[in-house]
Amino acid sequence: MTEQHLRQQIVELAASLFERGFSVGSAGNVSVRTEAGYLMTPTNSSLGRLEPDRLSVLSQGWDHIAGPKPSKEVVMHQAMYQARPEAQAIVHLHSTYVTAYSCLRTEEGIPPLTPYFVMRLGQEVPTVPYYKPGAAEMLEDILAAGQRSPGVILSNHGSIVAGSSLEDAVNAAEELEVSAQLAFLLEGRPTRPLTQEQVQNLLG
């Protein structure tokens, strides 16, 4: 896929997320790996109002080389690409249910209730401690968590999800949001999570 096609895909999929309420205002950001480095949504930009020729361009070493200034949360993307070398795209959202879950004082993760959660995100999605958005100190925690799952929940913040393509990352981020919603809807009810055998069958 050419860089121009990637730029257009970023605009279209980001707008789809925005229009369906997965991000609001200037919340959230997206990045895609290219042959020369990375394309990223600019700082303070809305996922619903991006322009293909107004994206940030970063080198393979994460230097800003063209376009508007990138999102201040570039360190999260850097950590996830390091954690998952096969990743071609990353989506960071403040979607309602995942963000609500990230604010709960709980040690329990989102349970593996559906096969789609497991197939897209693995057996569990780890949660990392709260950091000020853009803080360099978060890199090590996200790096460790990202090696366990392509999805990471950011305490009191939202989620960051990696994928083998931008479409794959978007699908996984949407699956994480729906799984968090299911967890809220079923809270206090006798649930039937997938068994370890069923999970391993999906992962195998």
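Below is a summary of the structure that appears in this document. (Residues numbered from 1 in each chain as written. Predicted model: local features only at pLDDT ≥ 70, side-chain atom pairs only at ≥ 80, totals over all residues. Heavy atoms only, no water.)

**Looking at the overall build of the protein**
Here is step 1 of the chain: If you tally the helices and strands in the protein, you get seven helices and eight strands.
Here is step 2 of the chain: Its C-alpha radius of gyration of 16 Å places the protein within 12% of the 17 Å reference for a compact globule of 204 residues.
Here is step 3 of the chain: Here the analysis covers contacts within the protein between residues at least 6 apart in sequence; of these, 68% occur between residues at least 24 apart.
Here is step 4 of the chain: Carbon together with sulfur atoms contributes 49% to the accessible area of the protein, which is approximately 10300 Å² in total.
Here is step 5 of the chain: Each charge class in the protein was averaged separately, 14 positive and 22 negative side chains, and the resulting centres sit 5 Å apart. (Helix = DSSP H or I, 4+ residues; strand = E, 2+ residues; numbered from the N terminus. Rg over C-alpha atoms; globule rule 2.2 N^0.38 Å. Contact = heavy atoms within 4.5 Å. Areas by Shrake-Rupley, 256 points an atom, 1.4 Å probe, with all protein chains shown as cover. Lys, Arg positive; Asp, Glu negative; His and termini not counted. Charge placed at Lys NZ, Arg CZ, Asp CG, Glu CD.)

**Side note on the side chain of S179**
Here is step 1 of the chain: Examined against the element boundaries, S179 turns out to sit in helix α6 (residues 166-185).
Here is step 2 of the chain: Within the local environment of S179, its side chain forms a polar contact with the backbone oxygen of E175, the two atoms lying 2.8 Å apart.
Here is step 3 of the chain: Excluding residues within four positions of it along the chain, S179 makes contact with I110 and F117. (Polar contact = N/O pair within 3.5 Å; in protein donor to acceptor, adjacent residues only side chain to side chain.)

**Quick notes on the packing of aromatic side chains**
Here is step 1 of the chain: With the rule as written, the count across this model stands at four aromatic pairs.
Here is step 2 of the chain: Taking the centre distance of 4.0 Å and the plane angle of 15° together, the rings of Y38 and W62 count as stacked. Of this pair, Y38 sits in strand β2 (residues 37-40) while W62 sits in the loop between β3 (56-59) and β4 (64-66), placing them 24 residues apart in sequence. A single burial state applies to Y38 and to W62, both of which are buried.
Here is step 3 of the chain: Each member of the aromatic cluster is reached from another via a ring pair, and the members are Y38, W62 and Y81. (Phe/Tyr/Trp six-rings, centres within 6.5 Å; stacked < 30°, edge-to-face > 60°. Buried < 20%, exposed > 50% of the residue type's maximum accessible area, 1.4 Å probe, protein only.)

**Structural notes on the sheet that holds strand β6 (residues 127-128)**
Within a sheet, neighbouring strands are paired by backbone hydrogen bonds and run either parallel or antiparallel to one another.
Here is step 1 of the chain: The strand order β4-β3-β2-β1-β5-β8-β7-β6 describes an open sheet built from eight strands, whose pairing is mixed. With one partner strand each, in any of the chains shown, β4 and β6 form the two edges of the open sheet.
Here is step 2 of the chain: Here β3 runs beside β4; their pairing, made up of two bridges, is antiparallel. Bridging across to β4, V57 finds its partner in A66. (Pairing = 2+ DSSP bridges.)

**Let's talk about the nonpolar core**
Here is step 1 of the chain: Counting residues in each nonpolar core, the largest one holds 35 residues, and the members touching the most others are I10, V91, I110, L166 and L176.
Here is step 2 of the chain: Of all the elements in the fold, those that place two or more residues in this core are α1 (3-19), β1 (29-33), β5 (89-93), α3 (96-102), α4 (115-121) and α6.
Here is step 3 of the chain: Per-element accounting of this core gives the leading share, eight residues, to α6.
Here is step 4 of the chain: Leave out the neighbours within four places in its chain, and L166 touches Q9, I10, L13, V30, V32, A89 and V91.
Here is step 5 of the chain: Ranked by size, the runner-up nonpolar core spans 23 residues in total, among them A79, M80, A83 and I142. (Core = buried A, V, L, I, M, F, W, Y, C linked by side-chain atoms within 4.5 Å.)

Note that all results are geometric; they support no functional claim without further evidence.
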